[in-house]
Every structure is written in structure tokens, then in C-alpha cells.
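Here are the chains, one letter per residue:
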Amino acid sequence: MTATLVAKDVSGGYAHRVLFDHLDLTVAPGDVVGVVGANGAGKSTLLRILAGELAPLAGTVSRSPSDAFVGWLPQEHERVPGETVGQYVARRTGCAAAERAMDDAAAALAEPDAAGPEDPNDVYAAALDHWLATGAADLDERLPEVLAGLGFVPGVVAPESALMTGLSGGQAARVGLAALLCSRFDVVLLDEPTNDLDLDGLDRLEDIVSGMRGGVVLVSHDREFLARSVTRVLELDLAQHTNTVFGGGYDSYLHERAVARKHRRDEYEEYADRKADLVARARTQREWSSQGVRNAMRKNPDNDKVRRRAASESSEKQAQKVRQMESRIARLEEVVEPRKEWVLEFTIGSAPRSSSVVSTLNEAVVRQGDFVLGPVSLQVDAGERIGITGPNGAGKSTLLRMLLGQITPDEGTAQLGASVAIGEIDQARGLFSGADPLAERFERLVSEFTTADVRTLLAKFGLRADHVDRAVDDLSPGERTRAALALLQAQGTNVLVLDEPTNHLDLAAIEQLESALASYDGALLLVTHDRRMLANVDVDQRWRVEAGRVSQL
């Protein structure tokens with residue numbers, strides 16, 4: 001089915017805060033709309049409104065035809081205890097809900113005496129049509145082939161019967177791809193689909209998106225993915241409280257946005273200069289008026305009549321000029337000064353230099369069930385910058401833990417250097433999870449900071465009064481990542497370990513992180529699948545981890 005999704009004059013947010021308003025967007029078959037903006041601008045809220053999961057504060061969202069199947073894939077993979085991969089895919093594709101609706105309709109059809117507002121035959125027919133449209137009829141047959149194509153081998157990684165709670169982040173991301181491939185959505189809404197995907201997964205996702213039969217609206221902070229995938233960009237500008245649709249791809253959007261911002265700034269500065277000039281001239285006219293009266297009085301000190309007439313004529317003439325100037329000021333078309341966008345600015349705290357050798361592995365081997373990493377012989381020197389890539393499940397995080405002395409090899413040796421001060425952002429943001437309020441958790445991690453110091457620092461990272469007293473688990477992934485960045489600034493480090501640091505960060509924060517890394521002079525171990533970050537961050541070595549082996553590129 002070809003379907004169109006139309007949002008007209010939509011406002012979104014909460015009763016106490018409107019995130020965006022007067023938003024118009026049409027998503028037709030073949031459109032791939034990328035939604036960008038700072039964290040908190042309302043990107044996920046917009047997707048929920050388009051999906052029908054959340055009512056807009058104002059405006060309407062319509063589908064043509066009205067029964068078009070709109071699929072929303074949220075940002076985080078919800079792990080339901082006891083749910084298998086197959087059940088998860090059925091839920092994400094809407095097949096499970098369609099199955100329940102058809103079963104309920106069939107049950108109602110079997111009870112002819114049950115009264116209801118609608119004819120049970122019509123309800124069942126509609127439920128059956130929807131069940132067929134979701135692809136539920138042959139989902140069980142299609143799913144194993146899709147999983148195998150994505151690299152899931154029964155007994156090795158995760159067949160359709162495996163529990164979702166037992167999967168790694170990368171494996172769960174691949175199951176998300178499987179759900180997308182198995183779906184029969186007419187319009188697809190994707191929230192951060194690139195998180196936890198490796199380079200192969202990103203390539204597959206790009207192919208999936210480009211091959212979608214219907215329209216796609218996606219939120220992503222992966223700049224290369226946006227550049228390769230989107231046909232239009234919707235920017236939610238939190239600072240200006242505006243929303244703008246830019247035609248063309250992502251790189252075109254960056255250029256047009258820069259030009260538009262320069263024009264707005266130039267227009268305001270021209271207006272401000274013009275107004276300042278007129279105000280200054282009006283002030284001068286008033287001064288001249290007063291000076292003219294005083295001069296007339298000095299020239300004719302004994303002739304009251306002449307003095308009065310001169311003063312009156314001078315005053316009226318100058319007053320007329322002042323009125324004319326004030327009228328010109330009033331007629332100026334006001335140009336509102338562009339608001340300065342809040343930008344995350346930070347540095348990475350430094351510690352005294354470590355020993356010349358930070359970490360050494362010598363024929364080290366780690367065994368975790370059927371998985372074996374090694375033997376590995378590597379050395380990390382002080383100030384050395386290393387970029388690490390490889391497919392999900394290859395052993396990158398295990399390698400990091402062994403280098404940092406967090407796990408002991410089963411064979412060989414691992415040795416950590418002296419005076420090593422490690423700063424780490426792990427993939428799961430493990431330091432910031434649990435029921436503790438954010439401020440309390442942060443204070444325990446930096447005991448030398450006072451409560452006021454903690455709150456001041458977190459505020460610089462956009463975590464203000466409404467964040468610091470909330471449980472850490474209640475924060476968004478992006479907010480937890482910013483808390484981890486704040487910790488890096490608060491703690492001194494000479495060995496920085498970043499495991500997928502761009503996950504959940506907005507574009508401005510990613511660029512700021514790259515800037516901070518440029519001035520950081522300690523050792524760096526960077527694991528990322530962000531292709532533009534790999535290109536932008538200078539490294540001395542590149543390691544590739546694959547199938548339990550490490551090669552130096």
C-alpha cells in the first residue's frame with residue numbers, strides 16, 4: 001500500500017513546556033526525513049506523536065489512507081523478561097498485537113449473543129485484513145532466514161528462540177534490524193536506529209532504509225548515516241524555538257543552515273546598527289535643541305522678547321527634528337536577535353603523567369564460554385592514541401577490560417603500568433545506572449566535590465535542577481552520557497577509554513567531544529563505529545578486532 005503521513009500545525013511537549021509548535025510535515029512514499037536537533041528538543045516526542053502513541057498539544061496528524069500501517073521503533077530495545085527473539089520481533093513489527101486483535105475478534109464472533117456497537121463479522125474481517133497486512137501469517141517462516149542473513153547462527157549467537165535478556169547490545173541491535181526487515185509498515189519511524197550497530201550493521205541499515213517501499217522518518221546523530229540516507233532534514237531548533245524543513249540531503253542541510261544563520265545574524269546586526277544610529281542622532285538633536293536655547297539667551301541677555309522668541313523657535317525646530325527621528329525609529333521593522341544556542345563546552349581533566357608504558361599484554365588469552373580472545377600481545381604507551389574497530393561480538397570490550405586490568409587472562413600475562421589514572425565511558429554507561437538520584441551518585445564518584453560544586457558542574461552539561469534529583473535510571477540515554485562526560489571533566493585522567501561514546505549524544509555534543517579529544521594529551525583507547533569520528537579524531541595506531549584476534553592496521 002502506498003501511504004502518506006501528514007502533520008499539520010502540530011505542537012508537542014508537555015503541559016508545562018511546549019517543545020515545538022506550528023510544525024508541518026508531509027511524508028510520502030520514497031521520502032526519508034531525518035529529524036535533527038539538540039537533546040531535549042522533542043525529536044522522540046515528535047515520533048511518538050506521528051505514531052499515534054502520544055496526542056499532540058495542538059494540530060492534527062492524518063494518514064492517507066486512514067488504515068495505513070505506521071510502525072514506530074523506539075530508541076531503546078525494551079528487554080521483557082522471558083521474551084524470546086521471535087516474540088520480540090513479533091511485538092516490534094505489530095504482528096503480536098494484530099494476532100491478539102484477531103483472536104479477540106474471533107472469540108466475539110463465536111458468541112453471537114454478545115451485544116456490541118459493531119457487527120462482529122465486520123470487526124473480524126478488519127482484524128483479519130490487518131493481521132495479513134502486518135505479515136504475521138508467515139513471520140515464523142521468514143524470521144529464521146532473516147536472522148541467518150544478519151549473522152545469527154543457531155547455537156553460536158542467537159536463534160529466534162534465544163532470550164532477549166541474554167543478548168549483548170550489538171546483538172539486540174541486529175534483532176532490531178531483523179524486525180525492520182520483517183516488518184510490513186507503510187510508514188516507518190526510527191528513533192536512533194544506528195545505536196550499537198557495527199560497520200556491517202550500518203551498511204545493512206542503509207540498504208534497508210533505501211529499499212523501504214514507504215516513507216521513513218528517522219532520528220539519528222550518526223552524521224555519515226544521515227548523509228547517505230536522508231532526502232530531507234527537519235531541524236528542531238531548541239534555541240530559536242523553530243522548526244524548519246530543509247530540502248536535499250544532510251550535507252546540503254549543513255550548508256543551508258550555516259547560510260541561514262549567517263543571514264539572520266547579519267539582518268539583526270544591520271537592524272541594530274541602524275537603530276543605534278537613529279537613536280544617537282535623536283539624542284544629538286535633543287542636545288542641540290537645549291544648546292540652541294542656551295546660546296540665544298547668552299546673545300540677548302537683556303532683551304526678554306528676543307530671548308523668548310529665539311528660544312521658542314529653536315526649541316520647536318529642534319523638537320520637530322527629534323519627532324521626525326523618533327518616527328523613523330518607530331517605523332523600523334524590528335528584527336529579533338537570534339538566541340544563542342546552548343552548546344556543551346568541556347575539557348577532559350588531566351592527571352600527572354603515567355609510567356611510559358600504560359599497559360602490556362603478552363600472549364594473553366581470555367575464554368568466555370565458547371568465545372576465545374587471543375593470544376594477544378600488545379603494548380599501550382603513555383600519550384598513545386589508538387582507534388579500535390571490529391564487528392559486534394568480536395571481543396573489543398573484552399580487550400579493553402583486559403588492558404585495564406579489570407579481568408585476568410586465562411593464559412599469558414597482562415600488566416598495568418604505574419600511576420595510571422583511568423577515565424572511562426563504557427558502552428552501557430554502567431556508572432550511571434540504578435535508583436540513586438543523579439547528584440548523590442555523582443558526589444560519591446567525586447568525593448572532593450561539594451554538593452554545590454556537583455550541581456554547578458552538572459548544570460554546565462545541561463543537567464539542571466529537574467535532572468539532578470531524579471533517579472539515574474529515569475534519565476534518558478543522552479542525559480546519562482552527558483553525566484559520564486561531566487565525570488571525565490571532574491576527574492583527572494591520563495588514560496582515556498571511550499567505548500561507543502557517541503551513542504545517544506546529539507550532533508553538537510559529538511563535535512564538542514571531538515574538539516576535547518584534539519586537545520587531550522593522555523593515552524586514548526577509542527572504540528567507535530561512528531565513521532566521521534573515525535575520520536576526525538587523530539590516532540597513532542588502528543587495531544581491528546575480529547573473531548577473537550587483534551590485528552594492527
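All values reported here derive from a predicted model rather than from experimental measurement.

Definitions and limits used
Residues numbered from 1 in each chain as written. Predicted model: local features only at pLDDT ≥ 70, side-chain atom pairs only at ≥ 80, totals over all residues. Heavy atoms only, no water. Helix = DSSP H or I, 4+ residues; strand = E, 2+ residues; numbered from the N terminus. Rg over C-alpha atoms; globule rule 2.2 N^0.38 Å. Buried < 20%, exposed > 50% of the residue type's maximum accessible area, 1.4 Å probe, protein only. Areas by Shrake-Rupley, 256 points an atom, 1.4 Å probe, with all protein chains shown as cover. UniProt positions renumbered as here; feature names shortened; annotations may be inferred. Polar contact = N/O pair within 3.5 Å; in protein donor to acceptor, adjacent residues only side chain to side chain. Contact = heavy atoms within 4.5 Å. Expected span 1.5 Å × (residues − 1). Pairing = 2+ DSSP bridges. Axes fitted to C-alpha atoms, helices over the stretch in contact; angles between N-to-C directions. Arc of directions from axis to C-beta. 1 Å grid on protein atoms, 1.4 Å probe; cavity = no way out; pocket = protein on both sides within 12 Å on 5 of 7 lines; lining within 4 Å. Points joined across faces, edges and corners; volume = space filled by probe spheres on them. Nonpolar A, V, L, I, M, F, W, Y, C, P; charged D, E, K, R; others polar. Patch = residues over 30% accessible without salt bridge, like charges linked within 9 Å, V, L, I, M, F, W, Y side chains within 5 Å. Salt bridge = Lys/Arg side-chain N within 4 Å of Asp/Glu carboxyl O. Lys, Arg positive; Asp, Glu negative; His and termini not counted. Charge placed at Lys NZ, Arg CZ, Asp CG, Glu CD.

(A) A look at the overall build of the protein. A count of helices and strands for the protein gives 17 helices and 18 strands. Taking 2.2 N^0.38 as the reference for a compact globule, 553 residues should give roughly 24 Å; the C-alpha atoms of the protein span a radius of gyration of 31 Å, well beyond that estimate. The burial tally for the protein puts 45% of its 553 residues in the buried class. Surface summary for the protein: the accessible area is close to 26,600 Å², and the carbon and sulfur share equals 49%.

(B) How the structure looks around the UniProt feature "domain: ABC transporter" (unreviewed entry) in the protein. In this structure's numbering, the residues bearing the UniProt feature "domain: ABC transporter" (unreviewed entry) are residues 5-272 and 352-553. For residues 352-553, helix accounts for 31% and strand for 29%, while the C-alpha atoms at its two ends are 30 Å apart.

(C) Looking closely at the side chain of R223. With respect to the helices and strands, the residue R223 is situated in helix α8 (residues 223-229). Polar contacts involving the side chain of R223 include one to the side chain of E514, which spans 2.6 Å. Leave out the neighbours within four places in its chain, and R223 touches Y250, L507, I510, E511, E514, D530, R532, M533 and N536.

(D) Representation of helix α6 (residues 169-182). The end-to-end C-alpha distance of α6 is 20 Å, a good match for the 20 Å that 14 residues give at a rise of 1.5 Å each. By the burial criterion, the buried members of α6 are G170, A172, A173, R174, V175, G176, L177, A178, A179, L180 and C182. Buried residues in α6 make contact with β5 (70-73), α2 (85-92), α5 (139-149), β6 (187-191) and α7 (199-210).

(E) Inspection of the sheet that holds strand β11 (residues 371-381) at higher detail. A sheet is described by the order of its strands in space; here three strands give the open sequence β11-β10-β13, paired in antiparallel fashion. Each edge of the sheet is formed by a strand with only one pairing partner; in this case those strands are β11 and β13 (411-416). Adjacent strand axes in the sheet meet at a mean angle of 15° when their direction is disregarded. One ladder, built from eight bridges, connects strand β10 (residues 357-368) with β11; its direction is antiparallel. By the bridge assignment for β11, V366 is matched with L373. In the packing of helix α11 (residues 396-403) onto the sheet, contacts are made with β10, β11 and β13, and the angle to β10 comes to roughly 130°.

(F) Summary view of unusual backbone geometry. Looking along the chain, the bond that leaves S64 and enters P65 is cis, with omega of 0°. The residue P65 is located in the loop between β4 (58-64) and β5 in this model. A cis amide bond, omega 5°, links G374 with the succeeding residue P375.

(G) Main features of α7. Along its 12 residues, α7 runs 17 Å from first to last C-alpha, staying within 8% of the 16 Å computed at 1.5 Å per residue. Along α7, the residues classified as buried are G201, L202, L205, E206, I208 and V209. Considered in projection along α7, the buried side chains sweep an arc of 160° and stay on one side of the axis. Facing away from the buried side of α7 by more than 90 degrees, the exposed set consists of D207 and S210.

(H) Seen up close, the layout of surface pockets. Looking at the second largest pocket, its volume works out to about 1,300 Å³. In this structure, the second largest pocket is lined by 40 residues; those nearest its centre are N39, G40, A41, S476 and E479. Among the elements of the structure, β2 (17-27), α1 (43-51), α14 (465-468) and α15 (477-490) are those that each provide at least two residues to the lining of the second largest pocket. When its residues are assigned to classes, the lining of the second largest pocket shows 12 nonpolar, 13 polar and 15 charged.

(I) Seen up close, a negative patch on the surface. A contiguous patch of negative charge, built from E99, D103, D104, D140, E141 and E160, is present on the exposed surface. Mapped by element, the contributors of at least two residues to the negative patch are α3 (95-109) and α5. Structurally, E141 is set in helix α5.

(J) Structural context of the pairing of strand β18 (residues 549-552). Where strand β17 (residues 541-546) meets β18, four bridges bridge the pair, whose relative direction is antiparallel. If you follow E546 over to β18, its bridge partner there is R549.

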